[in-house]
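Letter by letter, the chains look like this.
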Amino acid sequence: MAFFERLRTSATAMVPPRAAGTILFEVEKSGAQPERYYVTLGGGRAEVALDDGGGQPEPDATLSTTDDVFEALVSGRTALLSAAIRNDVRFAGDGGLLSIANRFFAAPTDGAGDDPRIRSQMEAPHGILWRVRLRDSMAKRRERKVD
Amino acid sequence: MTDLVNILDGNTFLVCDRNGDIEPQEGNPTGLFSYDMRFLSLWRLSVNGERCFTLSLDEVEYFEHRFFLVVGHATHYVNATLSVIRHRSIADKVTEELSILNHTDREVELNVRMDVASDFADIFEVKDPSPTSDSVIVEARDGVLRIRYERERYGTETVISSTECALVDEEGMTFSVRLAPHGEWSTTLSIETLAIGAHGRDFRESIPLRRPGSPEDLRRGLRDWVAAAPTLGTDCDALSTTYRRSLVDLAALRWTSLIVSSDLVAAGLPWFMSVFGRDSLITCLQAVPFLPQLAPPTIATLAHLQGVRFDDFRDEEPGKILHELRHGKSAGFEAQPHSPYFGSADSSALFVILLDEYELWSGDSELVKAFEFEARAALEWISSYGDLLNTGYIWYKTRNPATGLENQCWKDSWDSISFGDGRLPPYPRATCELQGYAYDAKMRGARLARNFWNDPGYAERLEREAQELKRRFNEDFWISDEEYFAVALDAEGQQVDTLTSNMGHLLWSGIVDDSRATRVVELLMSRRLFSGWGVRTLATGSARYNPLGYHVGTVWPFDNSLIAWGLWRYGFRDEAARICEAMIQAAQFFEGRLPEAFAGYDRTRTTYPVEYPTACSPQAWSAGAPLLFLRVMLGLQPHGDHLIVEPFIPPSIDRIELLGIPGR
C-alpha cells in the first residue's frame, strides 16, 4: 500500500527518535483475509513488512480496522482517536504507540487542512502594513491625550 | 437547586443529592460519569414507596461516602422506625452497601426499590441539552440489570448487580425484605461501566492500564501520597488546612492517561474531568516543588498527543500542544472537536516552560532528552504557525467557528478581551501574556538546548529571538499615555487598552523591562485591580467590568498565584506576600479549598469572599495555588544542586517550616 511505502521514507520527520516498538496494522477487506503490515520503529526510522505468513515479531500494539475506515484515516476524513472511540479502529497494546501511529495520518484534503497563516494573512486588513497601522494608532492615542 | 455531593476516583465520578440519589437536575451534571459519558442518570431509592431523608453525610474520603438516612419526610422531629445507611465507594467499580435497620420490636416487611436508568449522554450533551433520538437497550435477567447504548460499532454498557437476590425489571430492581425485630438487612450493589473495544470486550482489557484496586488500596495510596509531600509546620491554621486540602484534592483529581498508563491531574470537577493542556501544565508548575511526580506523565501525555497536521475542525497545527482531550461519543462521532482539540495558544509555550522547571527541581535530564523532539516542535510552532500575521507575536483565531473557542488564552470566554469602552477587538488577537510565555519558553528552551541537547547554535538563536521579542513587546504593547501594557493587539493594529490581571503573568515570564516593573506592580496592587482578596481579572472602571463576570471582574486564585510568582521574580516581596496572605485568608471561608473564582467585590464591602456561582470545585489549578503561595513566601528557587530559601512572610504568620522538599 502506498501509505506504508511512504512511511519507510518519511518516518524520520514524523516520529520522535525515542519511539520504539512494532505496530501491527490489520486492515480487513470484506470477503478477504485481512492485510497485515508490521511497522517497526526505532531511531526515528520505520521498517515496514507485509505479513506473508512468515515469522514476524510479536507486535507491541495492534491496530485493527476495515479498509474503508483506513482509507478515511489516510485521506484525513476522520481522526485516529475519534475512530478509536467509535470502535471503528480496535486498539490493543501500548497506548503510546497509538499516538505514534496518529502521526502517520494526513491532514484533511478538502481545504480544511491548509496552513492557517495563508488565510489569516490574506484576510488581514492591512497585510504587511499592520505595524504601520499600529504605530499610527499609538501616535493618535498620544495626540488625543495631549488634546 | 439542592446541594450536590461529589464522589470520584479519577476517570469516574458521581454527582448526587445529599441523600445519595441521582435525579435529573436542570443545569447540573448529576449522574455517574466515566470517560466523559453518563452511565447512570437515575438512581433513586425508596422503601415501601417512600423516599429517604438525610440525617447526616460522612464524606470519609473523596472516593468513599456514607449517607445516614431515615425513611419518610422530615417533620419537626424525627421519630424514625427505620434507618437506612448507604455506604458508597468508587474504586475499580462503584459499589453501594445498602443497609436497613429495624428499630422496632415488631417484624416488618419492606419493599426496597431502586429506580435505575441511563441516558448515555455525553458530558457535552449534559452541558447543552438537545433532543436526541438515541435509544438505550435494557436487559433485566437473572438478577442483573444491563443498560446498553449502541451506535454503529460503538457500544457502552452499565451493568448493575447485587449480592442479595433482586427482582429486576427494565426500570430498576426490587428487594422483598422481611426484617426481624431490631434486625438488620443489607445488600451490596455493584455498578460497572463498560465501553466496547478490541475483541468485543471492555477497551481497558486490551491496554496495560493501572486499575484502581479496592477502597483499602486507595486509602493506602492517599496516605502515601500525602506522606511523600513535604511536611508543613506553621502557626497559621488557615495555611495548614489549605495545604492539606490541596494535597488531597490533587490526589482526588488524578486521572489515568490511556496513552501513558499513568496518573496526571484532571482540570476540575464536574465539567473538566479530563486533560487540558493549559490547566494540567499550570497545575504541575505550581506543584513541582511539592508533587514533582505529576510532571512526567503530564509532559509525556501532552507530547504524545502533540499536533502533527493542519486540521481546521480541531484547530490543529504541527507542534501545537493540545487544549482538551475527551473520550465521549461526541468526540468519537465528531460532533465536538475534542479528539483532541488544539484551541489554546499558550499550551505549547507552557509545555516547554514546565519541561525546564521540572528539570531545575528534579535534575531529570533523561526526560528532557527523551522529549527533545516534541519540545523543539513546540518551540517551532511558537515562531511559525502561532505567528498568524507574521509580526513576531503569537496570535489566535479559530478555524472552527461552530464548536471551536473564540478566545484561545486562559480567559477563554467570549467577552474576556475588550477595549476600555467595551468594544470587542477583531480577530486574530495577540494577548499580552501569550508573548510573555513565548519569551520565557525561548529562554528556557535555550537552556535545555545548551545543557542537554548539545546544540549551542540553537540555544543562541532562541536567546536572540527572545531578546528581540522582549524589545518589540515593550514597544508595541506599552500604552505610553496610561503607562501600562495593553491586554492585546488586534488585527487592525490597535492596542486593546483594558487594564487586566494579565500584566501579572508578564512579570512571571520576565518580559517586562525592569524600568517598567514598579509601575506595573503599582497598578496590580491599586484599588482598580486589587480587591483586598486578590487581583481582579479586569479592572473596575472598564465598561465590561462585572464583579460576577467569569473573566471580567472575578478574582481567580490560580491567576493570583502566577501574579505572586511574578512579583517574587521582580523582587516585590512585600506585594507578593500581601496576595499570598489574602488568598490564604480567603481559603478559610471554603474549608481550605479555594474555588475556581470568587466575586470581585471589594473586600471591605462583603468581608467574606463570595464564590462565583457555577465554579468548578475542586479545581486543579485552584488546589495548586496554595502550593505556589508557599513557594513564593519561602522564596524557594533551585540553583544547580542547591535550593535557595529566602523567606518573606506576611506579618500575620509567625512561622512556616517545610520539611522534606523533594529535590535533586
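Worth saying up front: this structure is predicted, and the values here are computed from it rather than measured.

Draft legend 1. The overall build of chain A, seen in detail. A tally of regular secondary structure across chain A gives six helices and five strands. Start at the N end of chain A and walk to the C end: the helices and strands fall as α-β-β-β-β-α-α-β-α-α-α. What you see for chain A is a C-alpha radius of gyration of 23 Å, clearly larger than the 15 Å of a compact globule of 147 residues, by over 25%. Projected onto its principal axes, the C-alpha coordinates of chain A cover approximately 85 × 35 × 25 Å. Counting over 147 residues, chain A shows a buried share of 50%.

Draft legend 2. Layout of the sheet that holds strand 2 (residues 35–42) of chain A. Residues and elements named next belong to chain A. Strands sit in the order 3-2-1-4-5 across an open sheet of five strands; the sheet is mixed. Of all the strands in the sheet, just strand 3 (45–50) and strand 5 (89–93) have a single pairing partner and so form its edges. Strand-to-strand twist of the sheet, defined as the mean angle between neighbouring strand axes without regard to direction, takes the value 20°. Bridging between strand 1 (residues 21–28) and strand 2 involves seven bridges; their strand directions are antiparallel. Across the sheet, the residue bridging to Glu-26 is Arg-36, located in strand 2. Strand contacts of helix 1 (residues 2–14): strand 1, strand 2 and strand 3, with the helix running at about 165° to strand 3, the strand carrying the most contacts. Across the sheet, helix 4 (residues 95–102) lies against strand 1, strand 2, strand 4 (61–66) and strand 5, angled at about 65° from strand 1, the strand it touches most.

Draft legend 3. Main features of unusual backbone geometry. Residues and elements named next belong to chain B. The amide bond that connects Leu-269 to the next residue, Pro-270, takes the cis arrangement and shows omega of 0°. Tracing the backbone through its elements, the reader meets Pro-270 in the loop between strand 19 (263–265) and helix 4 (277–287). For the bond from Tyr-427 to Pro-428, the omega torsion is -10°, close enough to zero to count as cis. Considering the arrangement of structural elements, one finds Pro-428 in the loop between helix 9 (372–383) and strand 20 (429–431). Despite not being glycine, His-182 has its phi angle at roughly 55°, a positive value. Looking at the element boundaries, His-182 is found in the loop between strand 15 (172–179) and strand 16 (184–195). Residue classification places His-182 among the exposed positions, given a relative accessible area of 57%. You will see that Glu-591, though not glycine, has its phi angle at about 50°, which is positive. Tracing the chain through its elements places Glu-591 in the loop between helix 15 (573–588) and helix 16 (603–606).

Draft legend 4. Spotlight on the interface of chain A and chain B. Each side of the interface is counted separately: chain A has 56 residues, and chain B has 63 residues. Interface of chain A and chain B: buried area, both sides summed, is about 4800 Å²; carbon and sulfur atoms make up 52% of it. Counting across the chain A and chain B interface gives twelve salt bridges. Its salt-bridge partner being A:Asp88, residue B:Arg153 comes within 2.6 Å of it at the nearest N-O pair. On inspection of chain A and its partner chain B, the count reaches 31 residue pairs in polar contact (both at pLDDT 80 or more). Taken together, the elements giving at least two residues each to the side of chain A that touches chain B come down to helix 1, helix 3 (80–85), strand 5, helix 4, helix 5 (116–123) and helix 6 (130–146) of chain A. When residues in the side of chain A that touches chain B are grouped by element, the largest group, ten residues, is from helix 6 of chain A. Partitioning the side of chain A that touches chain B into residue classes produces 22 nonpolar, 16 polar and 18 charged.

Draft legend 5. View of the domain arrangement of chain A. When its domains are assigned, chain A resolves into domain 1 (2–110) and domain 2 (114–147). Each of domain 1 of chain A and domain 2 of chain A was reduced to a C-alpha centroid, and the two centroids are 45 Å apart.

Draft legend 6. Focus on the sheet that holds strand 14 (residues 167–169) of chain B. All names here are of chain B. With antiparallel pairing, four strands are arranged side by side in an open sheet as 5-10-15-14. Looking along the sheet, the strands with just one partner apiece sit at the ends: strand 5 (42–47) and strand 14. Sheet twist, expressed as the mean angle between neighbouring strand axes with direction ignored, is 15°. Of the strand pairs in this sheet, strand 5 and strand 10 (residues 108–117) are connected by six bridges, and their pairing is antiparallel. Residue pairing across strands places Trp-43 opposite Val-116, the latter belonging to strand 10.

Draft legend 7. Seen up close, the packing of helix 12 (residues 502–509) of chain B against helix 14 (residues 557–569) of chain B. All names here are of chain B. The contact between helix 12 and helix 14 brings their axes to 7 Å, and the two run at 45°. In terms of orientation, helix 12 and helix 14 fall into the oblique class. Every pair of crossing elements has a handedness; the one defined by helix 12 and helix 14 is left-handed. Side by side, helix 12 and helix 14 meet where Gly-504, His-505, Leu-507, Trp-508 and Ser-509 of the first sit next to Phe-558, Asp-559, Leu-562, Ile-563, Trp-565, Gly-566, Leu-567 and Arg-569 of the second. A class-by-class count of the residues in the contact of helix 12 with helix 14 yields seven nonpolar, four polar and two charged.

Draft legend 8. Fine view of the environment of B:Asp263. All names here are of chain B. In this fold, Asp-263 is placed in strand 19. Given a relative accessible area of 16%, Asp-263 falls into the buried group. Looking at Asp-263, its side chain comes within polar contact range of the side chain of Thr-256, at 3.1 Å.

What counts, and where the lines are drawn
- Residues numbered from 1 in each chain as written.
- Chains lettered and ligands numbered in written order.
- Predicted model: local features only at pLDDT ≥ 70, side-chain atom pairs only at ≥ 80, totals over all residues.
- Heavy atoms only, no water.
- Helix = DSSP H or I, 4+ residues; strand = E, 2+ residues; numbered from the N terminus.
- Rg over C-alpha atoms; globule rule 2.2 N^0.38 Å.
- Buried < 20%, exposed > 50% of the residue type's maximum accessible area, 1.4 Å probe, protein only.
- Pairing = 2+ DSSP bridges.
- Axes fitted to C-alpha atoms, helices over the stretch in contact; angles between N-to-C directions.
- Contact = heavy atoms within 4.5 Å.
- Buried area = accessible area lost by both parts, 1.4 Å probe.
- Salt bridge = Lys/Arg side-chain N within 4 Å of Asp/Glu carboxyl O.
- Polar contact = N/O pair within 3.5 Å; in protein donor to acceptor, adjacent residues only side chain to side chain.
- Nonpolar A, V, L, I, M, F, W, Y, C, P; charged D, E, K, R; others polar.
- Domains from an automatic or database assignment.
- Parallel < 35°, antiparallel > 145°, perpendicular 65-115°, else oblique.
- Left-handed = near helix turned anticlockwise from the far one by under 90°.

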